[in-house]
Amino acid sequence: MMHESTVKSLSDALAAHELSSLEATELFLGRIRTLNARYNCFISVDEERSRAQAREADRARAAGRATALTGVPLAQKDIFCAKGWLTTCGSKMLSNFVSPYDAHVVERLNAAGAVILGKTNMDEFAMGSSNETSWYGPVRNPWGTEAVPGGSSGGSAAAVAARLAPGATGTDTGGSIRQPAALSGICGLKPTYGVCSRYGMIAFASSLDQAGPMAKSAEDLALLLNAMAGFDARDSTSLERPAEDYTRDLRQALAGLRIGLPKEFFAEGVQPEVAKAVDAAIAEYEALGCKVVEVALSNMRLSVPVYYVLASAEASSNLARFDGVRYGYRASEYRDLEQMYERTRAEGFGAEVKRRILIGTYVLSHGYYDAYYIHAQKLRRLIAQDFTRAFENCDVIMGPTSPTTAFRIAEKASDPVQMYLSDIYTIAVNLAGLPGMSIPCGFDARGLPIGLQIIGNYFGEAQMLNVAHQYQLATDWHLRAPPGVV
Amino acid sequence: MALTRDDVKRAARLARIAIDESEANQVLEQLGRIFGMIEEMRAVDVSGVEPMAHAQDVVLRLRPDEVTEQDQRELFASVAPRVQNGLYLVPKVIE
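Each value, and the rule that gives it
Residues numbered from 1 in each chain as written. Chains lettered and ligands numbered in written order. Predicted model: local features only at pLDDT ≥ 70, side-chain atom pairs only at ≥ 80, totals over all residues. Helix = DSSP H or I, 4+ residues; strand = E, 2+ residues; numbered from the N terminus. Buried ≥ 20, exposed ≤ 12 C-beta atoms within 10 Å, placed from the backbone. Rg over C-alpha atoms; globule rule 2.2 N^0.38 Å. Contact = placed C-beta atoms within 7 Å. Nonpolar A, V, L, I, M, F, W, Y, C, P; charged D, E, K, R; others polar. Axes fitted to C-alpha atoms, helices over the stretch in contact; angles between N-to-C directions. Left-handed = near helix turned anticlockwise from the far one by under 90°. Parallel < 35°, antiparallel > 145°, perpendicular 65-115°, else oblique. Pairing = 2+ DSSP bridges. pLDDT = per-residue confidence, 0-100. Expected span 1.5 Å × (residues − 1).

A. A look at the overall build of chain B. When helices and strands are counted, chain B shows three helices and two strands. Element order for chain B, N to C, with α for helix and β for strand: α-α-α-β-β. The principal-axis extents of the C-alpha atoms in chain B amount to approximately 55 × 45 × 25 Å. Counting every position in chain B, which comprises 95 residues, the buried fraction comes to 16%.

What follows is the structure, given as structure tokens:
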């Protein structure tokens with residue numbers, strides 16, 4: 001079935017003129033029309049705009065100007081500004097914001113000829129691990145609609161899992177690509193910090209935010225990252241590096257690869273079925289000729305508190321721009337400027353976003369700055385140094401992406417600390433700025449997917465994609481579709 | 001060091017977020033739990049460690065002092081809540 005296509009197989013079919021971009025786009029738009037009500041993956045769909053892009057892609061191909069992604073329809077996380085598209089970031093604050101410009105990632109995907117199918121649902125301002133903080137309502141997990149899809153890129157993850165899009169963009173500040181990829185049974189990659197430009201990607205925590213691809217296979221992630229990555233002078237943290245072909249190493253054999261296993265990833269708190277599936281994946285890698293070495297990430301337990309100080313501090317600063325003056329929501333009743341700001345922000349932001357702004361404001365305020373913010377920055381260095389030492393003895397690090405499979409909607413919504421611990425295995429990677437990915441490696445007894453996390457050294461994306469691709473040649477977890485979506 | 005309701009109200013004031021008494025109590029309870037988790041971090045000795053502000057040790061790029069942006073004033077004003085004669089309208093701040 002065409003909707004089962006990977007980005008790669010669609011790309012090949014388009015190149016062979018077996019179908020047009022318009023046909024492929026219509027197929028996915030049709031699925032979104034029928035199935036989105038069940039999952040709530042998309043905040044906006046604009047069929048005419050998508051069709052116009054598809055026709056343009058077909059013209060480009062006819063004129064001999066096609067890239068690997070020309071005509072491939074993709075979903076964009078609603079954190080990316082896309083010109084002419086409603087861009088809400090999952091918030092009431094931006095519920096009326098039609099972006100006047102494109103994010104760099106969107107600009108690059110458009111230039112490659114990809115078609116935007118729609119803008120996907122997400123936790124408000126990317127703050128959440130379940131997609132429940134969205135002003136547009138929770139996304140439902142295609143593997144069990146009473147469960148969350150993970151977050152914050154939950155709409156993108158569920159859209160790919162439900163075959164409403166062959167691939168999607170996501171962003172990852174503390175695990176927001178990898179954790180929903182794991183909980184929704186798909187693949188997701190967070191590149192090394194600085195590989196994708198943050199320009200036009202609505203900022204949450206600028207020293208941690210990074211864009212990345214989400215899709216059904218490692219090969220698809222490589223194709224998407226080829227188009228998304230690249231230097232951009234408009235992001236002061238974008239890295240000036242020669243362009244890479246992330247597909248270049250996919251076919252390399254893995255014999256001799258050293259896999260680091262941190263014992264901290266298999267400590268108490270991990271669901272036994274998750275540990276068992278990850279162990280089985282490691283055994284598969286050993287069968288492929290890899291060697292396992294034990295490594296220590298002894299400061300990892302501090303990553304959650306460190307993250308909630310640093311990310312909240314950066315968020316409180318970044319979200320100061322939402323004041324009801326230049327764009328977005330403005331309160332309807334106020335007597336003066338002060339009250340206009342205070343009411344706009346009280347009404348426009350949801351509870352979790354306000355909590356984080358208050359944490360951030362508190363830890364940055366006079367008298368607390370050194371005790372919290374600077375202290376957390378020092379611990380951030382210790383956490384990063386753990387990885388540097390670990391990579392002296394291994395090529396990649398593996399473990400679970402998330403301690404549990406998808407939890408039920410509302411199960412953790414009233415306990416922020418429990419929710420935050422859902423990202424315990426992913427956050428340290430952002431603090432260090434390393435690349436990390438998640439690929440499917442099994443299911444629990446309820447049929448909910450389990451993710452294997454692969455962490456690489458700085459700029460190790462091509463190697464990680466090779467490691468994931470070789471596993472996917474030997475196993476078929478990534479090809480499983482949720483019951484009822486096909 | 002326990003967080004107080006005054007701390008919450010002060011932070012809300014600094015962040016320009018209107019908050020009423022019942023909300024302040026609710027937020028205090030949740031922030032109390034979050035800061036309980038954060039306290040664990042404060043017990044660790046970090047003497048002699050340099051703060052890490054950023055994932056890569058990048059230095060800010062300099063660029064030639066040239067105009068690179070086009071004038072898109074009307075386009076950007078088109079998404080503003082209230083605009084008149086190309087100016088953003090807010091309540092009067094100077095009598």
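There is more to say, and it comes next.
B. View of the overall build of chain A. Counting its regular elements, chain A contains 15 helices and eleven strands. A compact globule built from 486 residues would reach a C-alpha radius of gyration of about 23 Å, and chain A, at 21 Å, matches this within 12%. For chain A, the spread of C-alpha atoms along the principal axes amounts to about 65 × 55 × 45 Å. Taking all 486 residues of chain A together, the buried fraction comes to 62%. Here the analysis covers contacts within chain A between residues at least 6 apart in sequence; of these, 76% occur between residues at least 24 apart.

C. Highlighting the interface of chain B and chain A. Taken residue by residue, the interface counts 44 residues in chain B and 54 residues in chain A. Only helix H1 (5-14), helix H2 (21-42) and helix H3 (73-77) of chain B provide two or more residues apiece to the side of chain B that touches chain A. Top contributing element to the side of chain B that touches chain A by residue count: H2(B), with ten residues. In terms of residue class, the side of chain B that touches chain A is built from 32 nonpolar, four polar and eight charged.

D. Region of the structure containing the packing of helix H11 (residues 351-364) of chain A against H2(B). Between H11(A) and H2(B), whose axes approach to 11 Å, the crossing angle comes to 60 degrees. H2(B) is crossed by H11(A), and the crossing has right-handed handedness. Here H11(A) contributes Arg355(A), Leu358(A) and Ile359(A) to the contact with H2(B), which in turn contributes Val27(B), Gln30(B), Leu31(B) and Ile34(B). Taken together, the residues of the contact of H11(A) with H2(B) break down into five nonpolar, one polar and one charged.

E. Geometry of the packing of helix H1 (residues 7-15) of chain A against helix H7 (residues 218-228) of chain A. Residues and elements named next belong to chain A. Following both chains from N to C, one finds H1 and H7 inclined at 65 degrees, their axes separated by 8 Å at the closest point. When the interaxial angle is binned, H1 and H7 end up roughly perpendicular. Of the residues in H7, those in contact with Val7, Lys8 and Ser11 of H1 are Glu219, Asp220, Leu223 and Leu224. Among the residues making up the contact of H1 with H7, the classes are represented as three nonpolar, one polar and three charged.

F. Region of the structure containing the pairing of strand E11 (residues 449-456) of chain A. Residue and element names in this part refer to chain A. Counted residue by residue, E11 has eight buried out of eight residues, so it is predominantly covered. Alternating residues of E11 divide into Pro449, Gly451, Gln453 and Ile455 and Ile450, Leu452, Ile454 and Gly456, and every residue in both groups is buried. Bridge count between strand E9 (residues 396-400) and E11: five bridges; the pairing is antiparallel. The partner of Met398 across the bridge, within E11, is Ile454. Two strands pair when backbone bridges link them, and strand E10 (residues 436-443) and E11 are joined in this way by seven bridges, in the antiparallel orientation. Each bridged residue has a counterpart across the sheet, and for Gly436 the counterpart in E11 is Ile455. Between the end of E10 and the start of E11, which pair antiparallel, lie five residues, with Gly447 showing a positive phi angle near 85 degrees.

G. Focus on the confidence of the model for chain B. Residue and element names in this part refer to chain B. Mean pLDDT over chain B: 91, with 99% of residues reaching 70 or higher. When mean pLDDT is taken per element in chain B, H1 scores highest with 96 and H2 scores lowest with 93. The ipTM assigned to the predicted complex is 0.95, against a pTM of 0.97.

H. Unusual backbone geometry, seen in detail. The step from Gly151(A) to Ser152(A) runs through a cis peptide bond, and the omega angle for that step is 10 degrees. Tracing the chain through its elements places Ser152(A) in the loop between strand E3 (115-120) and helix H5 (154-161). At Cys89(A), a residue that is not glycine, the phi angle is positive and equals roughly 55 degrees. In this fold, Cys89(A) is placed in the loop between strand E2 (73-77) and helix H4 (104-111). Of the residues examined, Cys89(A) has 31 C-beta atoms within 10 Å and is grouped as buried. Phi is positive for Arg16(B), which is not a glycine, with a value near 55 degrees.

I. View of the environment of Pro416(A). Mapped onto the elements, Pro416(A) comes out in helix H13 (residues 416-420). Along the sequence, Pro416(A) and Asn121(A) sit 295 residues apart, while their C-alpha atoms lie 20 Å from each other. With residues up to four places along the chain from it excluded, the contact list for Pro416(A) reads Arg355(A), Gln30(B), Arg33(B) and Ile34(B).

J. Region of the structure containing H7(A). Burial of H7(A) is extensive: eleven of the eleven residues sit out of reach of the surface. Gly230(A) sits one or two residues past H7(A) and shows a positive phi near 155 degrees.

K. Layout of H2(B). Between the first and last C-alpha of H2(B) there are 30 Å, a value that for 22 residues agrees with the 32 Å anticipated at 1.5 Å per step. Within the sequence span of H2(B), burial applies to Val27(B), Leu31(B), Ile34(B), Phe35(B), Ile38(B) and Met41(B). The inward-facing, buried residues of H2(B) abut helix H9 (303-318), H11, helix H12 (369-390) and H13 of chain A together with H1 of chain B.

L. Fine view of the pairing of E10(A). Residue and element names in this part refer to chain A. The buried fraction of E10 is high, at seven of eight residues. Note that strand E5 (residues 187-190) and E10 share three bridges and pair antiparallel. Residue Gly188 lies in a different strand from E10, and its bridge partner there is Ser438.

M. Structural detail: the environment of Gly128(A). Residues and elements named next belong to chain A. Checked against the element boundaries, Gly128 lands in the loop between E3 and H5. When the C-alpha positions of Gly128 and Gly174 are compared, they lie 9.6 Å apart, and in sequence the two are 46 residues distant. Ignoring anything within four residues of it in the chain, the contact list for Gly128 reads Asp123, Thr133, Gly151, Ser152 and Glu352.

N. Summary view of the environment of Glu286(A). Residue placement: Glu286(A) occurs in helix H8 (residues 272-287). Each C-alpha atom of the pair Glu286(A) and Ser134(A) lies 41 Å from the other, and the pair is 152 residues apart in sequence.

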